[in-house]
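Here is how the chains run, residue by residue.
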Amino acid sequence: MAKVFARPESLVDMQSHYCPGCTHGIIHRLIAEVMDELKFADRAIGVAPVGCAVLGYMYFACDMHQAAHGRAPAVATGIKRVVPDGVVFTYQGDGDLASIGCAEIVHAAARGENITTIFVNNGIYGMTGGQMAPTTLPGDKTSTSPYGRDTHKQGFPIRVAEMLATLDGPAYIARVSVHSVPNIVRARRAIKKAFEYQIAGKGFTLVEVLSTCPTNWGLTPLEALDKVAKDMLPYYPLGEYKDIESGAGAKK
Amino acid sequence: MTFEVVMAGFGGQGVMLMGQILAYAGMVHGKQVSWMPSYGPEMRGGTANCTVIVADEAVGSPVVAHPYAVVALNRPSLDKFESAVRPGGVLIYNESLISTPPTRSDIKVVAVAANQIADELGNVKVANMVALGALLEVTDLVPMECIIAALKKALPAHRQDMLAVNLAAIERGKQAAVIP
Amino acid sequence: MSERVLMKGNEAIAEAAIQAGCRFFFGYPITPQNELPEYMSRRMPQVEGTFLQAESEVAAINMVYGAAGAGARVMTSSSSPGISLKQEGISYLAGAELPAVIVNIVRGGPGLGSIQPSQGAYFQAVKGGGHGDYRLLVLAPANLQEAVDLVTEAFDLADLYRNPVLILGDGLLGQMMEPVEFRKLPSRELPPKTWATTGMRHHPHKNIINSLVLDAPGLEKHILHLQEKYARMNLHEQRAKSLHCADAEVVIVAYGSTARIAKTAVMSLRQSGLKVGLFRPVTLWPFPVNTLSELVPKVKAFLTVEMNAGQMVEDVKLAVNGARPVHFYGRMGGMVPTPEEISSECVRVLGGVR
Ligand SMILES: Cc1ncc(C[n+]2csc(CCOP(=O)(O)OP(=O)(O)O)c2C)c(N)n1
Ligand code: SF4
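Residues numbered from 1 in each chain as written. Chains lettered and ligands numbered in written order. Predicted model: local features only at pLDDT ≥ 70, side-chain atom pairs only at ≥ 80, totals over all residues. Heavy atoms only, no water.

1. A short note on the overall build of chain C
Part 1 of the argument: In terms of regular secondary structure, chain C is built from twelve helices and 14 strands.
Part 2 of the argument: Relative to a compact globule of 354 residues, whose C-alpha radius of gyration would be 20 Å, chain C shows 20 Å and is just as compact.
Part 3 of the argument: Dimensions of chain C along its principal axes, counting C-alpha atoms only, are 70 × 50 × 40 Å.
Part 4 of the argument: The buried share of chain C, taken over its 354 residues, is 60%.
Part 5 of the argument: The long-range share in chain C, meaning contacts at least 24 apart out of those at least 6 apart in sequence, stands at 80%.
Part 6 of the argument: Roughly 13500 Å² of accessible area belongs to chain C as shown, and the carbon and sulfur atoms make up 55% of that amount.
Part 7 of the argument: For chain C, the distance from the average site of its 34 positive side-chain charges to the average site of its 33 negative ones is 3 Å. (Helix = DSSP H or I, 4+ residues; strand = E, 2+ residues; numbered from the N terminus. Rg over C-alpha atoms; globule rule 2.2 N^0.38 Å. Buried < 20%, exposed > 50% of the residue type's maximum accessible area, 1.4 Å probe, protein only. Contact = heavy atoms within 4.5 Å. Areas by Shrake-Rupley, 256 points an atom, 1.4 Å probe, with all protein chains shown as cover. Lys, Arg positive; Asp, Glu negative; His and termini not counted. Charge placed at Lys NZ, Arg CZ, Asp CG, Glu CD.)

Written out as structure tokens, the structure is:
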């Protein structure tokens, strides 16, 4: 019998520490599938963040470097400058990338650093137990916004894809989601394109992936997928915000 | 005297709360107390435990290698802590989820069908209180009125109606505490 | 509030700060201190205070820098990696002589390390950490009641000396629960904050908060002024507690949660008739040299116990100044020593001195 579905070779065969129903696992799989398809695992160097994906260095079957909280794009820059023909990527959560690491990601993008960032936006700090993230939606309750995010006091969520797309440095910026099968397929396509652009030397690429945190949202995995569709999509529209090939998001 | 109790189970079985109630009751009883949780990523879906110390003197170390009593609500917790109980100490285990009984003979081993009893009371969430009842029966750590005071404190205002079922669970645990 | 309540260390510290009049808190999540900012996020709005989750520890300490400059009672908290990021701002606070309270619930390091209790930040806390010739007042509680009382003290001392004060705890103290009482401590006479940048409508001349002194003689003068202040702190603020030291042959020196574990060891060794004592620095800077050196002639040896590879032991050696052997026992990386381990180490040292 022909095997039609298997673990990608670029994913290590082990049990992950992610909570049941968390979509971090799907995103890992998509990256590994693309790594298999484009056959770059042997020259890939991944940078793991500080967040729930901190142990990501164990899961991808390629060289990995664990970074300080938020600094993955700077670490990736260092690696890429030493190994220019390597395929260098960062995998970062919203606290890591959009809060403490805001400077590093903006400047890596502005430099057009030839790396790929997979940005997992679940609107919360998963690892530390559910505190407010820069991407937490207005009104949402978290352990540090117990009365709901009040935009007068705690400001507004940051739309990272849109913000970075205003820069001249990036080659490709997209926002995708993994809350349904058609969306997973589109997410895989975007991740593949990002890596292809890096391999072709086109510059900085980032794919923002809307993701779930059933544990800290206090929802079942299915309810969490629903929340992505109902609450997150309206605030975080999906799409390609910049593509230097098609001209999407390019300066008029 | 110093009594150290380790309470352990799955995350979600309420071992942390059970420990806090014992500690609170100890405080109400005029004892020196401490409560110390295990913390970290291993709690995510895995087993959680806390150590409660009830003593006459100020508590030194809030963690101990060899506690006087262990309450194990699931199999992994029993595996982890059975050997730790101090000789002459007490081991309460949840018969509902642990089919093979502990093997130690130098300690007092007490079986209690915590989940089953909680189910009979119509709320499986109070299995922790059943186990606490068993512990109180075997050890005389704190008097019942202190436990009641602690429960009142621990339950949030909108949950005070849960007091009765929690107390019933403790009572049933006390009755069920059989030494096999 | 004056009844005894059972509280988690992190929450007790937060409530103590509020009771001490702190109305501004800037922080960033990090385990094992998350309950502290989480408590503040619930409590501050109730007392019309400000809780703000900053975008990073760097931002948080600079928010503290601004708020302290504007004369507020302000606090931030973090754990080891976050405190490393705050070092720059702490150096500025010290340079500009601003009062602020910083809490470090230490975890295992270096790097991302672990989230378990550790005392690996002793050097960072007492020897600078950031750049320049500065000192922090460093307070190390060993139980939650002491933590609560020291938080009140910390705000007063910060205002009194116009200096940042660091509360050095660890994951054990942050996570454990103990009964605490929020009692009114005698209040001190504190200097008015005439230097605060609240706008010239509030004071006759322009106020500047600054740590830049470009001309070398001017900066030297400023640093000498700081040293004079540190000398006053050293003279007045050394604090320590001792237990069974009067007739002890071996004295254990330990601080914070290690000290409470060592205390269990001392009590059981005493029960078996062994003459051991415990010396517990409460201020790590200034290090309680005076009371420790008084013990030297009476004692045969010291045993320093820490949850690190040997940091405070250097200050113990400086205080003992070669007059007695100073032994060291440490666990690290989040491993917590047991009373039994400390006891057997102590017995080994005792055997050597008999
Ligand atoms: C300097 C520093 N500050 C704070 C932390 C604590 N910390 C660990 S993970 C994390 C945030 C994680 O949130 P996010 O990046 O959104 O990822 P998620 O866990 O949701 O996947 C924080 C604040 C740290 N390790 N280092
Ligand atoms: S805490 Fe949230 S983001 Fe982290 S693994 Fe669990 S569900 Fe996923």
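2. Some words on the interface of chain B and chain C
Part 1 of the argument: In this complex, chain B contributes 21 residues to the contact, which on the side of chain C involves 24 residues.
Part 2 of the argument: Overall, the association of chain B and chain C removes approximately 1800 Å² of surface from exposure, summing both partners, and the carbon and sulfur fraction of that is 64%.
Part 3 of the argument: The largest share of the area that chain B buries against chain C comes from B:Met27, B:Trp35 and B:Tyr39, three residues that together contribute 33% of it.
Part 4 of the argument: The partner of B:Lys153 in a salt bridge is C:Glu3, with the nearest N and O atoms 3.9 Å apart.
Part 5 of the argument: For the pair chain B and chain C, the interface holds six residue pairs in polar contact (both at pLDDT 80 or more).
Part 6 of the argument: Elements represented by at least two residues in the side of chain B that touches chain C include exactly helix H1 (15-28) and strand E2 (32-37) of chain B.
Part 7 of the argument: Of the residues forming the side of chain B that touches chain C, the biggest block, five residues, is contributed by E2(B).
Part 8 of the argument: Tallied by class, residues from the side of chain B that touches chain C come to 14 nonpolar, five polar and two charged. (Buried area = accessible area lost by both parts, 1.4 Å probe. Salt bridge = Lys/Arg side-chain N within 4 Å of Asp/Glu carboxyl O. Polar contact = N/O pair within 3.5 Å; in protein donor to acceptor, adjacent residues only side chain to side chain. Nonpolar A, V, L, I, M, F, W, Y, C, P; charged D, E, K, R; others polar.)

3. Here's the deal with the nonpolar core
One broad trend across soluble globular proteins is that nonpolar side chains are buried collectively.
Part 1 of the argument: With 174 residues, the main nonpolar core has B:Leu132 and C:Met75 as its most contacted residues.
Part 2 of the argument: Element by element, the count of residues in this core is highest for helix H6 (residues 144-161) of chain C, at ten residues.
Part 3 of the argument: Lining this core are residues from two domains, each supplying at least three of them: domain 1 (4-196 + 210-236) and domain 2 (240-353) of chain C.
Part 4 of the argument: Core analysis: the next-biggest nonpolar cluster, separate from the first, contains 34 residues, A:Ala32, A:Met35, A:Phe89 and A:Val176 among them. (Core = buried A, V, L, I, M, F, W, Y, C linked by side-chain atoms within 4.5 Å. Domains from an automatic or database assignment.)

4. A word on the site of ligand 1
Part 1 of the argument: Not every one of the 21 residues close to ligand 1 is listed here, only the nearest: A:Cys52, A:Asp94, A:Asp96, A:Gly126 and C:Glu57.
Part 2 of the argument: Around ligand 1 the close residues trace back to chains A and C.
Part 3 of the argument: Between an oxygen atom of ligand 1 and a side-chain N or O atom of A:Asn122, the distance comes to 3.1 Å.
Part 4 of the argument: Backbone polar atom of A:Ile124 to an oxygen atom of ligand 1: 3.1 Å apart, as the coordinates give it.
Part 5 of the argument: Alone, ligand 1 offers 590 Å² of accessible surface; in the complex the protein occludes 97% of this.
Part 6 of the argument: Contributing elements (two or more residues each) for the shell around ligand 1: helix H4 (94-100) and strand E5 (124-125) of chain A.
Part 7 of the argument: For the shell around ligand 1, the element with the most residues is H4(A), which contributes three residues.
Part 8 of the argument: For the shell around ligand 1, the class distribution of residues is ten nonpolar, eight polar and three charged. (Near = heavy atom within 4 Å.)

5. Here we look at the sheet that holds strand E9 (residues 240-243) of chain C
Two strands in a sheet stick together by hydrogen bonds in their backbones, pointing the same way (parallel) or opposite ways (antiparallel).
Residues and elements named next belong to chain C.
Part 1 of the argument: Spatially, five strands are ordered E9-E11-E10-E13-E14 in an open sheet, and the strand pairing comes out mixed. Each edge of the sheet is formed by a strand with only one pairing partner; in this case those strands are E9 and strand E14 (326-330). Strand-to-strand twist across the sheet, computed as the mean angle between neighbouring axes with direction ignored, equals 20°.
Part 2 of the argument: Sheet topology note: the strand E13 (residues 301-306)/E14 ladder contains five bridges and is parallel. Across the sheet, residue Phe302 finds its bridge partner in E14, namely Val326.
Part 3 of the argument: In this fold helix H9 (residues 256-271) packs onto E9, strand E10 (250-253), strand E11 (276-281) and E13, with an angle of close to 165° to the strand it touches most, E11. (Pairing = 2+ DSSP bridges. Axes fitted to C-alpha atoms, helices over the stretch in contact; angles between N-to-C directions.)

6. Describing the domain arrangement of chain C
Residue and element names in this part refer to chain C.
Part 1 of the argument: Domains assigned within chain C are domain 1 (4-196 + 210-236) and domain 2 (240-353).
Part 2 of the argument: Distance from the C-alpha centre of domain 1 to the C-alpha centre of domain 2: 27 Å.
Part 3 of the argument: Across the boundary between the two partners, domain 1 contributes 31 residues, which contact 25 residues of domain 2.
Part 4 of the argument: Of the roughly 2400 Å² buried between domain 1 and domain 2 on both sides combined, carbon and sulfur atoms contribute 54%.
Part 5 of the argument: Of all residues in domain 1, Gln119, Tyr122 and Phe123 bury the most surface against domain 2, accounting for 30% of the area lost on that side.
Part 6 of the argument: Here domain 1 and domain 2 share four salt bridges between them.

7. Concerning the pairing of strand E3 (residues 50-53) of chain C
Within a regular strand, the side chains alternate between the two sheet faces.
Residue and element names in this part refer to chain C.
Part 1 of the argument: Burial along E3 is one-sided: Phe51 and Gln53 are buried, and none of Thr50 and Leu52, which face the opposite way, are.
Part 2 of the argument: Sheet topology note: the strand E2 (residues 24-27)/E3 ladder contains four bridges and is parallel. Considered in E3, the bridge of Gly27 is made with Gln53.
Part 3 of the argument: With helix H2 (residues 35-43) bridging E2 and the parallel E3, this β-α-β connection has right-handed handedness. (Right-handed = clockwise from strand over helix to strand, strands pointing away.)

8. Description of the site of ligand 2
Part 1 of the argument: A:Tyr18, A:Cys19, A:Cys22, A:His24, A:Cys52, A:Asn122, A:Gly126, A:Cys213, A:Pro214, A:Thr215 and A:Asn216 make up every residue found near ligand 2.
Part 2 of the argument: Of the residues belonging to the shell around ligand 2, the class tally is six nonpolar, five polar and no charged.

9. A closer look at the packing of helix H4 (residues 127-139) of chain B against helix H6 (residues 163-176) of chain B
Residue and element names in this part refer to chain B.
Part 1 of the argument: Close contact between H4 and H6 brings their axes to 6 Å; oriented N to C, the two are set at 50°. Relative to H6, the element H4 lies oblique. Between H4 and H6 lies a crossing whose hand is right-handed. Across from Met129, Val130, Leu132, Gly133, Ala134, Leu136 and Glu137 in H4, the residues of H6 making contact are Asn166, Ala169, Ile170, Gly173 and Lys174.
Part 2 of the argument: The residue inventory of the contact of H4 with H6, partitioned by class, reads seven nonpolar, three polar and two charged. (Parallel < 35°, antiparallel > 145°, perpendicular 65-115°, else oblique. Left-handed = near helix turned anticlockwise from the far one by under 90°.)

10. Considering unusual backbone geometry
Part 1 of the argument: Omega for the bond connecting C:Thr31 with C:Pro32 falls within 30 degrees of zero, at 5°, which places this linkage in the cis form.
Part 2 of the argument: Among the structural elements, C:Pro32 can be located in the loop between E2 and H2.
Part 3 of the argument: Residue A:Lys39 is not a glycine yet carries a positive backbone phi of 55°.
Part 4 of the argument: Mapped onto the secondary structure, A:Lys39 falls in the loop between helix H1 (24-38) and strand E1 (44-48).
Part 5 of the argument: Assessed through its relative accessible area of 65%, A:Lys39 is described here as exposed.
Part 6 of the argument: The phi dihedral of C:Glu97 falls on the positive side, at around 55°, and the residue is not glycine.
Part 7 of the argument: Topologically, C:Glu97 is positioned in the loop between helix H4 (80-95) and strand E5 (100-106).
Part 8 of the argument: Overall, the relative accessible area of 11% leaves C:Glu97 in the buried class.

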